[in-house]
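# Close look at the chain arrangement
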Amino acid sequence: IRQCEISEIEETNFDIIVANIQKNVLVSIADDIKKRTKPNGIIILSGLLTEKGGHPEISGYDDFVVIKERFEGLGFKLIKRLDLDEWMGLVFTLS
């Protein structure tokens, strides 16, 4: 287990990566996450906002669409979404 910046990690082929950080950071480090995830590996992304915590004035807004599109575009497959109040966690596997 490490708590650090992804740029500090030289190893690759992790079975599981957990990132609890806001949407814009996850989008910017998505390529780095993919490089370090082994095939069929799991990533758990949290610190994301649902519509309740995002911009309720914009109907349907939450971090879900942005993160889902970014990570699926890299070959990840969404396997679970968990919501708690205004917070959301997403679990993906690398196909």
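The structure we're discussing is the one just above.
Summarised in this report is the structure supplied together with it.

Definitions and limits used
Counting from 1, residues in each chain are numbered in the order their sequence is written. Only residues with pLDDT of at least 70 are given local features in this predicted model, and only at 80 or more are side-chain atom pairs given and counted; all residues enter the totals for whole chains, interfaces and linings. No hydrogens and no water enter the side-chain calculation; it runs on all heavy atoms of the structure. In the sections that follow, a salt bridge refers to a side-chain nitrogen of Lys or Arg positioned within 4 Å of a carboxyl oxygen of Asp or Glu. By definition, any uninterrupted DSSP run of H or I lasting at least four residues is a helix, any uninterrupted run of E lasting at least two residues is a strand, and each is numbered from the N terminus. The rule is simple: take the accessible area with a 1.4 Å probe, protein chains only, and divide by the maximum for that residue type; under 20% is buried, over 50% is exposed, in between is partly exposed.

## What to know about the pattern of salt bridges
Tallying each qualifying case throughout the model produces seven salt bridges. Note that K38 is salt-bridged to D15, the shortest N-O span being 3.1 Å. Of the two residues, K38 sits in strand β2 (residues 37-49) while D15 sits in strand β1 (residues 14-20), which places them 23 residues apart along the sequence. Relative accessible area serves as the criterion here: at 29%, K38 is assigned to the partly exposed category. For K68, the salt bridge goes to E72, with nearest N and O atoms at 3.0 Å. One end of the pair, K68, and the other, E72, are both in helix α3 (residues 64-72), four residues apart, so they sit about a helical turn from each other. A residue is classified by how much of its surface remains accessible, and E72, at 33% relative accessible area, is partly exposed.

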